[in-house]
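Here is what each chain is made of, one letter per residue.
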There are 2 protein chains.
Amino acid sequence: MSKNLTSRAEDYSKWYNELVVKADLAENSAVRGCMVIKPYGYAIWEKMQAELDRMFKETGHENAYFPLFVPKSLFEAEEKNAEGFAKECAIVTHYRLQNDPENPGKLRVDPEAKLEEELIVRPTSEAIIWNTYKGWIQSYRDLPLLINQWANVVRWEMRTRLFLRTAEFLWQEGHTAHETKAEAIKEAELMNNVYATFAENFMAIPVVKGVKTESERFAGAVETYCIEALMQDGKALQAGTSHFLGQNFAKAFDVKFTSKEGKQDYVWATSWGVSTRLMGALIMTHSDDKGLVLPPNLAPNQVVIVPIYKTDEQLEEITKLANLMMSDLNAKHISVKFDSRTTLRPGAKFAQHELQGVPLRIAIGPKDLEHGTVELARRDTLTKEVIALDTLTSTVEGLMIEIQNSLYKKALEFRDSHITLVDSFDDFKTVLETKGGFISAHWDGTAETEAKIKELTKATIRCIPIDEIAENGTCVYTGKPSKGRVLFAKAY
Amino acid sequence: MSKNLTSRAEDYSKWYNELVVKADLAENSAVRGCMVIKPYGYAIWEKMQAELDRMFKETGHENAYFPLFVPKSLFEAEEKNAEGFAKECAIVTHYRLQNDPENPGKLRVDPEAKLEEELIVRPTSEAIIWNTYKGWIQSYRDLPLLINQWANVVRWEMRTRLFLRTAEFLWQEGHTAHETKAEAIKEAELMNNVYATFAENFMAIPVVKGVKTESERFAGAVETYCIEALMQDGKALQAGTSHFLGQNFAKAFDVKFTSKEGKQDYVWATSWGVSTRLMGALIMTHSDDKGLVLPPNLAPNQVVIVPIYKTDEQLEEITKLANLMMSDLNAKHISVKFDSRTTLRPGAKFAQHELQGVPLRIAIGPKDLEHGTVELARRDTLTKEVIALDTLTSTVEGLMIEIQNSLYKKALEFRDSHITLVDSFDDFKTVLETKGGFISAHWDGTAETEAKIKELTKATIRCIPIDEIAENGTCVYTGKPSKGRVLFAKAY
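Not measured: the values here are computed from a predicted model. (Residues numbered from 1 in each chain as written. Chains lettered and ligands numbered in written order. Predicted model: local features only at pLDDT ≥ 70, side-chain atom pairs only at ≥ 80, totals over all residues. Heavy atoms only, no water.)

Mind showing me how you'd approach the overall build of chain A here?
Counting its secondary structure elements, chain A contains 14 helices and 27 strands. With respect to the principal axes defined by its C-alpha atoms, chain A has extents near 80 × 70 × 55 Å. Every one of the 492 residues in chain A was classed for burial, and the buried ones make up 59%. Taking the intrachain contacts of chain A between residues at least 6 apart in sequence as the baseline, contacts between residues at least 24 apart amount to 67%. When the accessible surface of chain A is summed, it comes to about 20500 Å², and 49% of that surface belongs to carbon and sulfur atoms. (Helix = DSSP H or I, 4+ residues; strand = E, 2+ residues; numbered from the N terminus. Buried < 20%, exposed > 50% of the residue type's maximum accessible area, 1.4 Å probe, protein only. Contact = heavy atoms within 4.5 Å. Areas by Shrake-Rupley, 256 points an atom, 1.4 Å probe, with all protein chains shown as cover.)

I would appreciate a short explanation of helix H2 (residues 39–58) of chain A in the present structure.
Three- or four-residue spacings in an α-helix give side chains the same orientation, since the helix completes a turn every 3.6 residues. Under the 1.5 Å per step criterion, the end-to-end length of H2 of chain A is 28 Å for 20 residues, consistent within 8% with the ideal 28 Å. At the C-terminal side of H2 of chain A, Gly 60 of chain A shows a positive phi close to 90°. (Expected span 1.5 Å × (residues − 1).)

In this structure, what is going on with the relation of the copies chain B and chain A? I would like to understand it.
Here the two chain copies are tied together by a rotation about an axis and a shift along that axis. For the pair chain B and chain A, the superposition axis carries a translation of 0.0 Å, the fit reaches an RMSD of 0.0 Å, and the rotation angle comes to 180°. Such a combination of rotation and displacement between the chain copies is what one expects of a two-fold axis. Identified as the residue of chain B closest to the rotation axis by C-alpha distance is Val 92 of chain B, at 2.1 Å. Of the residues that chain B buries at the interface, 100% are likewise interface residues in chain A, meaning the two copies contact each other through the same surface. (Least-squares fit on C-alpha atoms with pLDDT ≥ 70 in both.)

Can you help me understand the nonpolar core in this one?
Burial of nonpolar side chains together is a common tendency in soluble globular proteins. Ranked by internal contacts, the top residues of the largest apolar core, which has 101 residues, are Phe 69 of chain A together with Phe 69 of chain B. Among all residues touching Phe 69 of chain A, those that are not within four sequence positions of it are Val 92, Leu 119, Ile 120, Val 121 and Ile 128 of chain A together with Val 31, Cys 34, Ala 90, Val 121, Val 154 and Trp 156 of chain B. (Core = buried A, V, L, I, M, F, W, Y, C linked by side-chain atoms within 4.5 Å.)

Even after reading the chapter, I still don't get the packing of helix H9 (residues 312–331) of chain A against helix H12 (residues 392–416) of chain A, so can you show me in this structure?
Helix-helix packing is described using two parameters, namely the angle between the two axes and the distance between the axes. Residue and element names in this part refer to chain A. It is the contact of H9 with H12, at a shortest axis distance of 10 Å, that shows an interaxial angle of 50°. If you check the angle between H9 and H12, you find them oblique. Here H9 and H12 pass one another in a crossing that is right-handed. Where H9 approaches H12, its residues Met 325, Asp 328 and Leu 329 are matched on the opposing element by Leu 392, Thr 393 and Val 396. Here the residues of the contact of H9 with H12 sort into 4 nonpolar, 1 polar and 1 charged. (Axes fitted to C-alpha atoms, helices over the stretch in contact; angles between N-to-C directions. Parallel < 35°, antiparallel > 145°, perpendicular 65-115°, else oblique. Left-handed = near helix turned anticlockwise from the far one by under 90°. Nonpolar A, V, L, I, M, F, W, Y, C, P; charged D, E, K, R; others polar.)

What's the story with the UniProt feature "domain: Aminoacyl-transfer RNA synthetases class-II family profile" (unreviewed entry) in chain A in this structure? I'm lost.
Following the UniProt record, the feature "domain: Aminoacyl-transfer RNA synthetases class-II family profile" (unreviewed entry) maps to residues 27–295 of chain A here. Taken end to end, residues 27–295 of chain A is 29% helix and 32% strand, and its first and last C-alpha atoms sit 22 Å apart. (UniProt positions renumbered as here; feature names shortened; annotations may be inferred.)

Honestly, the sheet that holds strand E21 (residues 384–388) of chain A in this entry has me stumped. Any pointers?
Hydrogen bonding along the main chain pairs the strands of a sheet, whether they run parallel or antiparallel. All names here are of chain A. Pairing within the open sheet is mixed, and its 5 strands lie in the order E18-E17-E19-E20-E21. The open sheet is flanked by strand E18 (336–338) and E21, the only strands paired with a single partner. Ignoring which end each strand starts from, the neighbouring axes of this sheet average 25° apart. Two strands pair when backbone bridges link them, and strand E17 (residues 303–307) and E18 are joined in this way by 3 bridges, in the parallel orientation. Its bridge partner lying in E18, Ile 305 is registered against Phe 338. In the packing of H9 onto the sheet, contacts are made with E17, E18, strand E19 (360–364) and strand E20 (373–378), and the angle to E18 comes to roughly 170°. Along the sheet, H12 makes contact with E17, E19, E20 and E21, crossing E20 at roughly 5°. (Pairing = 2+ DSSP bridges.)

Whenever I open this one, the pairing of strand E17 (residues 303–307) of chain B confuses me. Can you help?
Each regular strand shows side chains that alternate between the opposite faces of the sheet. Residue and element names in this part refer to chain B. In terms of burial, E17 is a largely internal element, 5 of the 5 residues being buried. Burial along E17 is two-sided: Val 303, Ile 305 and Pro 307 and Val 304 and Val 306, pointing in opposite directions, are all buried. Read as a crossover between parallel neighbours, the route from E17 over helix H9 (residues 312–331) to strand E18 (residues 336–338) is right-handed. In the sheet, E17 pairs with strand E19 (residues 360–364) via 5 bridges, with the strands oriented parallel. Looking at E19, one finds that Pro 307 is bridged to Ile 364. (Right-handed = clockwise from strand over helix to strand, strands pointing away.)

Even after reading the chapter, I still don't get the side chain of Arg 378 of chain B, so can you show me in this structure?
Residue and element names in this part refer to chain B. On the secondary structure map, Arg 378 appears in strand E20 (residues 373–378). Its relative accessible area of 13% is what places Arg 378 among the buried residues. When sequence neighbours within four positions are dropped, the list of residues in contact with Arg 378 reads Pro 359, Leu 360, Thr 383, Leu 399, Glu 402, Ile 403 and Ser 406.

Is there a simple way to explain the sheet that holds strand E8 (residues 114–121) of chain A in this structure?
Ordered by their spatial adjacency, 6 strands build an open sheet running E4(A)-E8(A)-E5(A)-E5(B)-E8(B)-E4(B), and the pairing between neighbours is antiparallel. Here the strands that pair on one side only, and so sit at the sheet edges, are strand E4 (69–71) of chain A together with strand E4 (69–71) of chain B. When the angles between neighbouring strand axes are averaged without regard to direction, this sheet yields 45°.

Is there a simple way to think about the interface of chain B and chain A in this case?
The figure often quoted for interface size is the accessible area lost as the parts come together. Tallying the contact residues gives 63 residues for chain B and 63 residues for chain A. Across the interface of chain B and chain A, roughly 5200 Å² is buried in total on both sides, 68% from carbon and sulfur atoms. For the interface between chain B and chain A, the tally reads 4 salt bridges. A salt bridge links Glu 76 of chain A to Lys 106 of chain B; the nearest nitrogen and oxygen atoms lie 4.0 Å apart. On inspection of chain B and its partner chain A, the count reaches 30 residue pairs in polar contact (both at pLDDT 80 or more). In terms of residue class, the side of chain B that touches chain A is made up of 38 nonpolar, 8 polar and 17 charged. (Buried area = accessible area lost by both parts, 1.4 Å probe. Salt bridge = Lys/Arg side-chain N within 4 Å of Asp/Glu carboxyl O. Polar contact = N/O pair within 3.5 Å; in protein donor to acceptor, adjacent residues only side chain to side chain.)

I tried to follow the packing of aromatic side chains on my own but got confused; where do I start?
Note on aromatic pairs: each is described by the distance of the centres and the angle between the planes. Residue and element names in this part refer to chain A. One pass over the full model with this rule turns up 38 aromatic pairs over all chains. Each residue in the set Trp 45, Phe 56, Trp 150, Tyr 195 and Trp 272 is aromatic and connected to the rest through ring pairs, giving one cluster. Sitting over the ring of Tyr 492, Lys 235 keeps its end group 4.3 Å from the ring centre. The ring of Phe 350 carries the charged tip of Arg 361 above its face, separated from the ring centre by 3.7 Å. (Phe/Tyr/Trp six-rings, centres within 6.5 Å; stacked < 30°, edge-to-face > 60°. Lys NZ or Arg CZ within 6 Å of the ring centre and 35° of its normal.)

Would you explain the domain arrangement of chain A in this entry?
Residue and element names in this part refer to chain A. Per the domain assignment, the segments making up chain A are domain 1 (12–286), domain 2 (301–397) and domain 3 (419–489). Here the C-alpha centroids of domain 1 and domain 3 sit 29 Å apart. Contact residues are listed per partner, giving 16 residues for domain 1 and 14 residues for domain 3. Both sides together, the interface formed by domain 1 and domain 3 hides about 1200 Å², and carbon and sulfur atoms give 64% of it. When the buried area of domain 1 at its contact with domain 3 is split by residue, Val 208, Thr 213 and Glu 216 rank highest and sum to 34% of it. Where domain 1 touches domain 3, the interface holds 1 salt bridge. Between Glu 228 and Arg 462 there is a salt bridge whose closest N-O contact spans 3.1 Å. (Domains from an automatic or database assignment.)

Looking at this structure, how should I read helix H1 (residues 12–22) of chain A?
Within H1 of chain A the residues assigned to the buried category are Tyr 12, Trp 15, Tyr 16, Glu 18, Leu 19, Val 20 and Lys 22 of chain A. Just past H1 of chain A, the residue Asp 24 of chain A takes up positive phi, approximately 65°.

Sorry if this is basic, but what is going on with the pattern of salt bridges here?
Proximity of charged atoms lets side chains of opposite charge pair with each other. A complete count under the given rule lists 53 salt bridges over all chains for this structure. We note a salt bridge from Asp 339 of chain B to Arg 341 of chain B, for which the minimum N-O separation is 2.8 Å. With relative accessibility at 1%, the residue Asp 339 of chain B sits in the buried group. For Arg 341 of chain B, a relative accessible area of 31% corresponds to the partly exposed category. The residue Asp 380 of chain B makes a salt bridge to Arg 378 of chain B at a minimum N-O spacing of 2.7 Å. One network of salt bridges, in which partners are shared, links Asp 24, Glu 27 and Lys 38 of chain A.

For this particular structure, what's the right way to read the environment of Leu 321 of chain B?
Residue and element names in this part refer to chain B. Its location among the elements puts Leu 321 in helix H9. Overall, the relative accessible area of 18% leaves Leu 321 in the buried class. Taking C-alpha positions, Leu 321 is 48 Å from Ala 167, a pair spaced 154 residues apart along the chain. Residues within four places of Leu 321 in sequence aside, it is in contact with Ile 364, Leu 369 and Leu 389.

Just checking my understanding: could you explain the packing of helix H2 (residues 39–58) of chain B against helix H6 (residues 181–202) of chain B for this structure?
All names here are of chain B. For the pair H2 and H6, the least separation of the axes is 11 Å and the interaxial angle reads 140°. When the axes of H2 and H6 are compared, the pair comes out oblique. Both H2 and H6 take part in a crossing whose hand is right-handed. The residues of H6 that touch H2, namely those facing Lys 47, Met 48, Glu 51, Leu 52, Met 55 and Phe 56, are Met 191, Val 194, Tyr 195, Thr 197, Phe 198 and Phe 202. Among the residues making up the contact of H2 with H6, the classes are represented as 9 nonpolar, 1 polar and 2 charged.

Would you take a moment to explain a negative patch on the surface for this structure?
Residue and element names in this part refer to chain A. Together, Asp 312, Glu 313, Glu 316 and Glu 317 make up a negatively charged patch on the protein surface. Tracing the backbone shows Asp 312 in helix H9. Asp 312 sits in the exposed class, given a relative accessible area of 60%. (Patch = residues over 30% accessible without salt bridge, like charges linked within 9 Å, V, L, I, M, F, W, Y side chains within 5 Å. Lys, Arg positive; Asp, Glu negative; His and termini not counted. Charge placed at Lys NZ, Arg CZ, Asp CG, Glu CD.)

What follows is the structure in structure tokens.
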């Protein structure tokens, strides 16, 4: 397969699809809309998981595991939630195959093995979890209940794209229960902040924190907090959401607690999640026409060493040196791979590591051996420098931080230069079509206007920013009064 | 709920079921046969996962993720495998719900949203993975392919028990591809050895390594390696399996490679897995009538500190001391929990930590403050000692190793004293009914005899031990010649 990618300018969507496959991140499977996450892609996801898991535990959460299936009667208990997911859920109806009498060697569903009640493959787990919490919560002493689950979920989407929208995806879903409304809101906000911190500090992706409008809310939520990122093509991507669920699920599943004062009340709830969709955000925030660009925090190999040699003696000497370098770098918790494959020439290795986004490449050739030097090549800037071997460890340590920060800064500058304030609907449409990005505009607060703008422009309200500044204005579409700007964008 | 468990002598099975629930490890869910793994149980499973994952990576394996669903046509491609799982698989037939016109407020399966091809919820992933490998393997350069997946799988078992046999369970499944038969066999053996090392060194569970007879083999395997453990009630438990799959799946999915010499050949395969069933093995190997007993390696909290006080001043002083102790112990990578709950008396805390198997309890009361001492209580031996505070860290460090080793030794002595050599079928039946355990006996090597013995005694051949000593003898049932003993037992 050719390693050359379609350029972003030529076809952004094609560039993305090719990159995901050629960089060995994921591929489509034989199951409609379901992906295979390949080892290299999964290694990046594992790094995200490890950091998020650490952050969840640091904020007092524990992991648990709930069933994959939701009986239909539980699924439909919280009406809005059910309505929101009913149109895209995989349903198990039978539990046995049998030999097909009409097709020898083939199997068919055994019609006698029909389930009494259909099982929904979880599209999200509020229903099965709140049905379980009913047994766990009696008193204020059982609260707060702070639980997270790492799991697969299934939503039978009609149009799918690797990582961005797949029928099955991996995610974590937090589900918490609280004594008071205020405490639950605080939790939902806290977890949205955890996601923002993770996206910015770990993934080097700047995000806007905000709340969703009613029509964009999670089905069953009272308030949906979110982090919104901006991709290089000017489209927004919802990178994580955290929901204040009020007492909706507690009422649907009859989960009450006795307070310190002996009063009975329904419990207050939150849920929050991020998914393998973050892989899409990562790719589309940092990568370029040569392939993936990874922030050091997320790179399975932060550094790769490529030997350049003609003789076996040279290779032997370079290998000795590489081993020393690796042990020094490993001691500083920097992961290094020595690419000693004999089946590929250095140029082909360079191209592969560029395609796969290894942050830093070290090349060592015979001249370097002579002069006590190595060549460093940064993936993010595509710049090279020759440095003295004895400064290697400290230089690389510095570069890991420098690259991480520089990627964030670059993405932030792009994002900030793509938030445009507009005050007329003509400007709105022009900016959307020519420049893209977030459009900061006044909106009259009605679902009708929101729907109309979406219909006319395909732009949706990504969020009402948390740090919105009070500003009186008039709706960009209806001219009706507004008290602050919201962010519109076309979105993934 | 009472914390008192049914004793093992009274009803072993009831003791197990109660322990799992009362120690907060897992519980049954609203979905038939599917369990909820509670935070305390999941924390133990996470420790197993972390260590296994480390061992897999150390032996060159990478993680990846494959779809939850297997299209029926792929599922049936490897005939024996399909036959083995067809009778217990959950089948997705539809992808949408709709409002039920006959029951307002209820949902029903939308009859128009029928899948063209049914999807099987994976009972194991050979089919979907080998269908994927077809695209990944062309040449010897692509081999070996060493991949592991952490996933949920579903087998629609009729009789289920928490951890031991559940419709959905969590596991890891390794799937590797090799150039030669010898290399694949070596891999299958290596991974069985990894499981044995993990069970013995990490879980403190002695195991017998062996191979399964043909009738007990994994559906689709040429050889199944296994590790077999012995529970306290004298029943065996298969704790892990590793399969040499020959070229069966390569042939079913047409996966060929070009060798160095330019020849085309089918790839050789292995698969291997352990599951949340290991939680059952852990519980039934070490626990007692007071509850769970955990080896320090698997304990979410290795040490708990319980304050004993009458006044707030005493509590304050104990808290200060506990904080110092915790920071010293944490520095030695020992996890400690300070149980400062004011809603429970010390006695109730002691009982709970015993029930949950915390390896070491430290109690500090006013007299200890006076004398510079603390009281240590070991969970495994239920013994107590008072020690000088200034020897605490080194004593606890030593005890962590001592408890881990002592649990293994105890389990090993029990296991070894429950392997009985028998040479007549009468002895076979007597030993099985009175003492249980493994019965080491000669067998004529036929499936008929194996089936007959199973029918008459419920004992199965657990394995042909790897370290079997050649010994001429006669079959315990038929009197026909045999060249070595195999291990029989009743099993979970």
